[in-house]
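Given next are the chains, with one letter for each unit.
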Amino acid sequence: MPTILLVEDDPNLGQLVQEYLTMKGYDTDRATDGNQGLQQFMAKPYDLCIFDVMMPRKDGFTLAKEVRMSERDVPIIFLTAKSMQEDTIQGFKVGADDYVTKPFSMEELLLRIQAILRRYQRSADVAEPTVYQIGSFSFDYPHQLLIQNGTSQKLTSKESELLKLLAQNLNQPVSRSFALKMVWGDDSYFNARSMDVYVTKLRKYLKEDAAVQLVNVHGEGFKLIV
């Protein structure tokens, strides 16, 4: 039974979501604020987390950052009452896999959960090369580590998937649409903005080797050049 951590301060919505997901076969724990959510997350392994953005004591973005700092690779869905684009971008910056804007249907939430868990399961099932060599970097895909001169940078799941795709097509252009469909599942506007954030983060990691460049290819997408 997949395990889910739901952190939602609205008691009515929290109970409704918890009961619905439990009915659908998910072992769902619920916390009512960010501090309590972090305590529960550190005490038990979860297959997926659902965090409300606006919460007392600790907001969902801060909670997600702390979860990512633990180096535990778990998908995160944000629930937000805001439709502001800034919230969406901020969520992807801290490593979100998806977001759902309130009000939402339980069916929509369930479909997003199922899609993310399938994607993570496929990643776990497929045999991958141990290491990709990118200039002076060694990219350990199974462990999501970018290593240079004995120093390692832990990558998020999305960072690893995107870098793997680029490394598999070294010195060849990768179209935006293809990358979005391979890594995010579809090429929607919000996923495109999310990918731009992750490309910027990868460039920051790779700038330590001047011979490695992640460039924009006008009208196509991106190219990882060595």
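None of the values given here were measured: they were computed from a predicted structure.

**Overview of the packing of helix α7 (residues 176-183) against helix α8 (residues 189-206)**
And step 1. Close contact between α7 and α8 brings their axes to 10 Å; oriented N to C, the two are set at 95°. Compared by their axis directions, α7 and α8 come out roughly perpendicular. Across the interface between the two elements, Arg176, Ala179 and Leu180 from α7 touch Asn191, Ala192, Met195 and Asp196 from α8.
And step 2. In terms of residue class, the contact of α7 with α8 is made up of four nonpolar, one polar and two charged.

**A short note on the domain arrangement of the protein**
And step 1. The domain boundaries assigned to the protein delineate domain 1 (3-125) and domain 2 (131-225).
And step 2. Once you take the C-alpha centre of each, domain 1 and domain 2 turn out to be 25 Å apart.
And step 3. At the interface, 15 residues of domain 1 touch 17 residues of domain 2.
And step 4. Buried surface at the junction of domain 1 and domain 2, both sides included, amounts to about 1,300 Å², of which 51% is carbon and sulfur.
And step 5. Our count for the domain 1 to domain 2 interface comes out at one salt bridge.

**Some thoughts on the environment of Gly34**
And step 1. Within the element layout of this structure, Gly34 appears in helix α2 (residues 34-43).
And step 2. The buried category is assigned to Gly34, whose relative accessible area is 0%.
And step 3. Remark: the alpha-carbon pair of Gly34 and Asp59, spanning 25 residues in sequence, is separated by 6.0 Å.
And step 4. Sequence-distant contacts of Gly34, defined by excluding residues within four places in its chain, comprise Val7, Met55, Pro56, Lys58 and Leu63.

**Some thoughts on the UniProt feature "modified residue: 4-aspartylphosphate" (unreviewed entry) in the protein**
And step 1. Using the residue numbers shown here, the UniProt feature "modified residue: 4-aspartylphosphate" (unreviewed entry) corresponds to Asp52.
And step 2. With residues up to four places along the chain from it excluded, the contact list for Asp52 reads Val7, Glu8, Asp9, Gly60, Leu79 and Lys102.

**Focus: the sheet that holds strand β7 (residues 137-140)**
And step 1. Taken in spatial order, the four strands of this open sheet run β6-β7-β8-β9, and their pairing is antiparallel. Of all the strands in the sheet, the pair left with one neighbour each is β6 (132-134) and β9 (151-154). The sheet shows a mean angle of 25° between the axes of neighbouring strands, taken without regard to direction.
And step 2. The pairing of strand β8 (residues 145-148) with β9 spans four bridges and is antiparallel. Note on β9: the bridge partner recorded for Leu145 is Lys154.

**With respect to the packing of helix α6 (residues 157-168) against α8**
And step 1. One way to put it is that α6 packs onto α8 with a least axis distance of 10 Å and a crossing angle of 75°. As far as their axial angle goes, α8 and α6 are roughly perpendicular. Every residue of α8 that contacts α6 at Lys158, Glu159, Leu162, Leu163 and Leu166 is listed here: Met195, Tyr198, Val199, Lys201, Leu202, Tyr205 and Leu206.
And step 2. Here the contact of α6 with α8 is built from residues that sort into nine nonpolar, no polar and three charged.

Calculation criteria
- Per chain, the residues get numbers from 1 upward, laid out in the order the sequence is written.
- Local features in this predicted model are restricted to residues whose pLDDT is 70 or higher, and side-chain atom pairs enter the listing and the counts only when it is 80 or higher, whereas totals over whole chains, interfaces and linings include all residues.
- Think of the side-chain values as coming from all heavy atoms in the structure, minus any hydrogens and water.
- A fitted line through C-alpha atoms serves as each axis, taken over the contacting stretch for helices, and the angle formed by two N-to-C directions is quoted from 0 to 180°.
- A run of H or I in DSSP counts as a helix once it spans at least four residues, and a run of E counts as a strand once it spans at least two, with each numbered from the N terminus.
- Every angle not falling under 35 degrees, over 145, or within 65 to 115 is termed oblique; those three ranges are roughly parallel, roughly antiparallel and roughly perpendicular.
- Note on contacts: a residue pair qualifies if any of its non-hydrogen atoms lie within 4.5 Å across the two residues.
- When residues are grouped by polarity, Ala, Val, Leu, Ile, Met, Phe, Trp, Tyr, Cys and Pro land in nonpolar, Asp, Glu, Lys and Arg in charged, and all others, Gly among them, in polar.
- For every domain, the bounds stem from an assignment made automatically or drawn from a database.
- Put simply, buried area is the surface a 1.4 Å probe can reach on two separate parts but cannot reach once they are joined, added for both.
- Within this document, salt bridges are pairs made up of a side-chain nitrogen of Lys or Arg and a carboxyl oxygen of Asp or Glu, the two lying within 4 Å of each other.
- Residue burial is assigned from relative accessible area. The probe radius is 1.4 Å, only protein chains are included, and a residue is buried under 20% of its type maximum, exposed over 50%, and partly exposed in between.
- UniProt positions are given in the numbering used here, feature names are shortened, and annotations may be inferred rather than shown by experiment.
- A strand pair is defined by DSSP finding two or more bridges across the two strands.

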